[in-house]
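Listed here are the chains, written in short residue letters.
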Amino acid sequence: MKRRHFLFQSLHSALAATLLAALPARADDDDDDDDDDDDHDRARRAVEQGRALPLRVVLDQVERQFQGRAVNVELVREHGRLIYEIRLLQADGRVVKLEVDAASGAVLKVKQKSRKD
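Just so we're clear, the structure is a prediction, and the values are computed from it rather than from any experiment. (Residues numbered from 1 in each chain as written. Predicted model: local features only at pLDDT ≥ 70, side-chain atom pairs only at ≥ 80, totals over all residues. Heavy atoms only, no water.)

With that out of the way, let us pick up the sheet that holds strand E3 (residues 95-101). If you walk across this open sheet you meet the four strands as E1-E2-E3-E4, and the pairing is antiparallel. Both outer strands of the open sheet, strand E1 (68-78) and strand E4 (107-113), are each paired with one neighbouring strand and no more. Put simply, the sheet's adjacent strands are angled 15 degrees from each other on average, direction ignored. Pairing analysis gives 10 bridges linking E1 to strand E2 (residues 81-90), with the strands arranged antiparallel. Within E2, the position partnered with Leu75 by the bridge is Tyr84. (Pairing = 2+ DSSP bridges. Helix = DSSP H or I, 4+ residues; strand = E, 2+ residues; numbered from the N terminus. Axes fitted to C-alpha atoms, helices over the stretch in contact; angles between N-to-C directions.)

Now the structure itself:
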């Protein structure tokens, strides 16, 4: 059990360390500028303008609701709106894939994979 807790903590720490660099790259696919600093600015503006909730708010909600830890997150644009695509690892080893409306925090889609023994 301690090993599993350590794994969750390690995954969570790694995720937190890379989110700022990884998320904004797809946050606004309408702009052709490839500069990473601009990507960060576009993601920050989306939050400031109310087009997206802060990632931490969304993760707190879904981690609590689905009893798991985020291991992968992307911010994408689908049909004109921003969507957080989140994979959660649950304590029993199952992975839950979620699509969450970035503006409202509403869970739009849930896909659950069973644990592979």
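With that settled, the discussion passes to the nonpolar core. Within the largest apolar cluster, 18 residues are counted, with the highest numbers of intra-cluster contacts made by Val62, Tyr84, Ile86, Leu88 and Leu98. The dominant element in this core, judged by the number of residues it contributes, is helix H3 (residues 55-66), at five residues. The contacts of Ile86, once residues within four sequence positions are left out, are Val58, Leu59, Val62, Ala70, Asn72, Val73, Val96, Lys97, Leu98 and Val100. (Core = buried A, V, L, I, M, F, W, Y, C linked by side-chain atoms within 4.5 Å. Buried < 20%, exposed > 50% of the residue type's maximum accessible area, 1.4 Å probe, protein only. Contact = heavy atoms within 4.5 Å.)

Attention now goes to the environment of Ala102. For Ala102, the position within the fold is in the loop between E3 and E4. A relative accessible area of 0% places Ala102 in the buried class. As for Ala102 and Val47, which are separated by 55 residues in sequence, their C-alpha atoms are 9.0 Å apart. Setting aside residues no more than four positions away along its own chain, Ala102 makes contact with Arg51, Ala52, Leu53, Leu75, Leu82, Ile83 and Tyr84.

That's the geometry; what it means functionally is another story.
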